[in-house]
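As a plain string of letters, each chain reads:
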Amino acid sequence: MAENIIKTKTFSFALRIVKLSQFLNQEKKEYVLSKQLLRSGTGIGALVREAEQAESKLDFIHKLAIAQKEANESDYWLELLFQSDYLSQNQFQSLKTDIVEINKILASIIISTKQKIGKK
């Protein structure tokens, strides 16, 4: 059975976000922004998992579209944490690379699924 790339990448990203949240809480004493990032960053993978059990192709697309919104929100929180000096350049760039890749994969899956069902 082939590896499910988006499932793997979103779980890995969520794990990184959990660890980052712990770091921000313990080392930087930052609680508000990190909690927002924790919610959106872990929500992406949860929605991908939900999409696996979608009731229809349209439901599948809908769940992945919400996952994409969570990814965009996570990107926002990462940028804000970086610009407010809670994240180093290296921390930010590594996570930014991941979230951009996840967004591209989600977009590709959504587009290809829409094409398969003839919806534009």
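Here the structure is a predicted model, which is why all the values come from computation and not from measurement. (Residues numbered from 1 in each chain as written. Predicted model: local features only at pLDDT ≥ 70, side-chain atom pairs only at ≥ 80, totals over all residues. Heavy atoms only, no water.)

Student: Just to check I follow, could you spell out the overall build of the protein for this structure?
Tutor: Helices and strands together make up the secondary structure of the protein, namely 4 helices and 0 strands. Counted from the first residue to the last, the protein has its helices and strands arranged as α-α-α-α. In summary, the protein has a C-alpha radius of gyration of 15 Å against a globular reference of 14 Å for 120 residues, a match within 12%. Projected onto its principal axes, the C-alpha positions of the protein cover 50 × 25 × 20 Å. The buried share of the protein, taken over its 120 residues, is 35%. Taking as baseline every contact in the protein between residues at least 6 positions apart, the subset at least 24 positions apart corresponds to 75%. Summing over all exposed atoms, the protein offers an accessible surface of approximately 7400 Å²; the carbon and sulfur share of this is 53%. (Helix = DSSP H or I, 4+ residues; strand = E, 2+ residues; numbered from the N terminus. Rg over C-alpha atoms; globule rule 2.2 N^0.38 Å. Buried < 20%, exposed > 50% of the residue type's maximum accessible area, 1.4 Å probe, protein only. Contact = heavy atoms within 4.5 Å. Areas by Shrake-Rupley, 256 points an atom, 1.4 Å probe, with all protein chains shown as cover.)

Student: Please clarify how the nonpolar core should be interpreted in this entry.
Tutor: Buried together is how nonpolar side chains tend to be arranged in soluble globular proteins. Ranked by internal contacts, the top residues of the largest apolar core, which has 27 residues, are F13, L20, L37, I44, L78, L87 and L106. Mapped onto this core, the elements with two or more residues apiece are α1 (5-26), α2 (32-52), α3 (57-83) and α4 (89-117). Examining the composition of this core, we find that 8 residues originate from one element, α3, more than from any other. (Core = buried A, V, L, I, M, F, W, Y, C linked by side-chain atoms within 4.5 Å.)

Student: Would you mind going over unusual backbone geometry with me for this structure?
Tutor: For residues besides glycine, phi is generally negative; the peptide bonds are generally trans as well. Residues other than glycine seldom take positive phi values, yet K29 does so here, at roughly 55°. Along the chain, the position of K29 falls in the loop between α1 and α2. The phi torsion at D85 lies on the positive side, around 65°, for a residue other than glycine. By the secondary structure assignment, D85 is in the loop between α3 and α4.

Student: How do you make sense of the side chain of S34 when you look at a structure like this?
Tutor: Assignment of secondary structure puts S34 in helix α2. Aside from chain neighbours lying at most four places away, what touches S34 is S21, L24 and N25.

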